[in-house]
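# Descriptive analysis of the structure
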Amino acid sequence: MSQEREELLKLLSDEELDLFILTGGIDIADQMRENVIGITKIPIGVAENFVINGKSAIIPIATEEKSVIMQASIGAGLVPEGFKAATSGNTMIGQIQVLDVPDLDAAEDAILAEKEALLVDANTISRTRKAVDLQVKRLDTAVGKMLIVEIFADVRDSMGANLIDSMCELLAPTIARITGGRTLLRILSNLATRRTVNVTARVPVNSIGERVVDNIIAADAFAWADPYRASTSNKGVMNGVIGVLLATSNDTRAVEAGAHSYASISGSYRPLTKWIKDENGDLVGTLEMPMGIGTVGGVIQSHELANVVLRLMNVETASDLAMIVGSVGLASNLGALYIMVTEGIKSIQA
Ligand code: MEV
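Residues numbered from 1 in each chain as written. Predicted model: local features only at pLDDT ≥ 70, side-chain atom pairs only at ≥ 80, totals over all residues. Heavy atoms only, no water.

## Some remarks on the site of the ligand
To be explicit about the condition: Any residue with a non-hydrogen atom lying within 4 Å of a molecule or strand is treated as near it. Under this definition, polar contacts are N or O atom pairs within 3.5 Å; protein pairs additionally need one hydrogen-donor-capable and one acceptor-capable atom, and for neighbouring residues in sequence, both atoms have to be side-chain atoms. Calculation of accessible area relied on Shrake-Rupley with a 1.4 Å probe; when residues are assessed, cover is drawn exclusively from the protein chains displayed. Put simply, DSSP marks the helices as runs of H or I at least four residues long and the strands as runs of E at least two long, and each gets a number from the N terminus on. The classification used treats Ala, Val, Leu, Ile, Met, Phe, Trp, Tyr, Cys and Pro as nonpolar, Asp, Glu, Lys and Arg as charged, and all other residues, Gly among them, as polar.
As a structural note, the neighbourhood of the ligand is formed by Glu65, Gln71, Arg229, Thr232, Ser233, Lys235, Gly236, Asn239, Ala336, Met340 and Ile345. Within the contact set of the ligand, an oxygen atom lies 2.6 Å away from a side-chain nitrogen or oxygen of Glu65. A distance of 2.7 Å separates an oxygen atom of the ligand from a polar atom in the side chain of Arg229. When the ligand is considered free in solution it has 300 Å² of accessible area, and contact with the protein chains removes 89% of it. Those elements that provide at least two residues to the shell around the ligand are α10 (227-247) and α13 (318-341). Residues of the shell around the ligand, tallied by class, amount to 3 nonpolar, 5 polar and 3 charged.

## Some words on the side chain of Gln97
As a reminder, the rule being used: A simple rule labels every residue: compare its accessible area, found with a 1.4 Å probe on the protein chains alone, to the largest value its type can have, and call it buried under 20%, exposed over 50%, or partly exposed in between. Should any heavy atoms of two residues lie within 4.5 Å, those residues are considered in contact.
Looking at where Gln97 falls in the secondary structure, it is placed in strand β6 (residues 91-99). Residue Gln97 is classed as buried on the basis of its relative accessible area, which comes to 14%. Setting aside its immediate chain neighbours within four residues, Gln97 contacts Met146, Leu147, Ile148, Arg182, Thr183, Leu184 and Leu185.

## Here we look at the packing of α10 against α13
Heads up, the rule is: Fitted lines through C-alpha atoms serve as axes, helices being fitted only where they are in contact, and the angles separating the N-to-C directions of these axes extend from 0 to 180 degrees. An angle below 35 degrees is read as roughly parallel, one above 145 as roughly antiparallel, one from 65 to 115 as roughly perpendicular, and any other as oblique. Rotating anticlockwise by less than a right angle from the far helix to the near helix defines a left-handed crossing, while the corresponding clockwise rotation defines a right-handed one.
Where α10 contacts α13, the two axes come as close as 8 Å, and the packing angle between them is 135°. It follows from the interaxial angle that α10 and α13 lie oblique. Note that α10 runs across α13; the crossing there is right-handed. Facing α10, whose interface residues are Arg229, Ser233, Gly236, Val237, Gly240, Val241, Val244 and Leu245, α13 presents Leu321, Val325, Val328, Gly329, Ser332, Asn333, Leu337 and Met340.

## What to know about the sheet that holds strand β5 (residues 84-87)
Two modes of strand pairing occur in sheets, parallel and antiparallel, and in both the strands are linked by backbone hydrogen bonds. Selection criterion: Strand pairing is defined by DSSP finding a minimum of two bridges between the two strands.
Across the sheet, which stays open at both edges, the 4 strands sit in the order β5-β10-β12-β11 with antiparallel pairing between neighbours. Unpaired on one side and paired on the other, β5 and β11 (273-277) mark the two borders of the sheet. Between one strand and the next, the sheet's axes are offset by a mean angle of 15°, whatever the strand orientation. In this sheet, strand β12 (residues 283-290) lies alongside β11 in antiparallel orientation, the contact comprising 5 bridges. Paired with Thr273 across the two strands is Leu287, which belongs to β12.

## Quick notes on the domain arrangement of the chain
This is how the line gets drawn: An automatic or database domain assignment provides the domain bounds reported here. In short, buried area is how much 1.4 Å probe accessible area vanishes from two parts on joining, totalled over both.
By the assigned domains, the chain splits into domain 1 (3-87 + 195-348) and domain 2 (91-189). Each of domain 1 and domain 2 has a C-alpha centre, and the two are 33 Å apart. Every contact between the two is made by 11 residues of domain 1 and, on the other side, 7 residues of domain 2. Across the interface of domain 1 and domain 2, roughly 640 Å² is buried in total on both sides, 54% from carbon and sulfur atoms.

Now the structure itself:
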């Protein structure tokens, strides 16, 4: 048994351990979701070697795929100083679609003139999580021109979908009235460009050798030049990202959608990670991706296992969790690249 696994098990009470190993609770599951007939079983393992922003971290990863936990652990083991991670904030974006606007210029002016009043209205929904900005954009679409009103809110430690959807629905009638148009969709965007995580990692050249550094850079260049390879590279990133999100009962589809739309934001599908050589010849990697996740609200609060996992990881805020998830994403990418340019992937899947 690895040291991490032994240490993690020591941190659990008997009741908490039961949450990991018993898969009962069909009655609770039934209250949570519609037409429940069972509960799927996905193993949760613990990744090794992680140091994030100077602190060693326990990383539970839920995955059905052999070698995902090993890829993350190998990647983390190559980064002696650990991962440096930061987030850009907790702002999520909601969109209100406005159709059949008689005068687009006048409608846009009217919305901007009412901006402060609209924000005050939106902020009647939550005492602590506040709308901070509102913008308007025009789209020329297959069914004609339309206005899109975007509302930006600081959702703090929640994922934010409920809050944002409520704000959009609340504002829609006023927006329809002042634009003379009709509102249709009123919904969160999963492309959370104002809620990103940034991670960097350095692999000393004297630990892996110049040849491996150059080969990892060549493998990364392949991904930057070819969407077929970028897709697989990002799949390797998402192995770790989704594994931690699943273990914490976060909405994995939301992050997956945000990740891939962010990867294509330039117009071409690109990797979420980048590897370069620094002036000392060391390998330096970065990851940047949207991370619209929460540590409170939604299903997380009612999910006992997710709460134990968050406690084990010492996570208090959504930003703490985002920095861990981003680091595991970069480690997974690094571990996969290292194995592929040395032994080959089958060496750890046997
Ligand atoms: C397999 O789950 C993930 C990899 O394909 C990632 C990659 O190719 O970078 C090994």
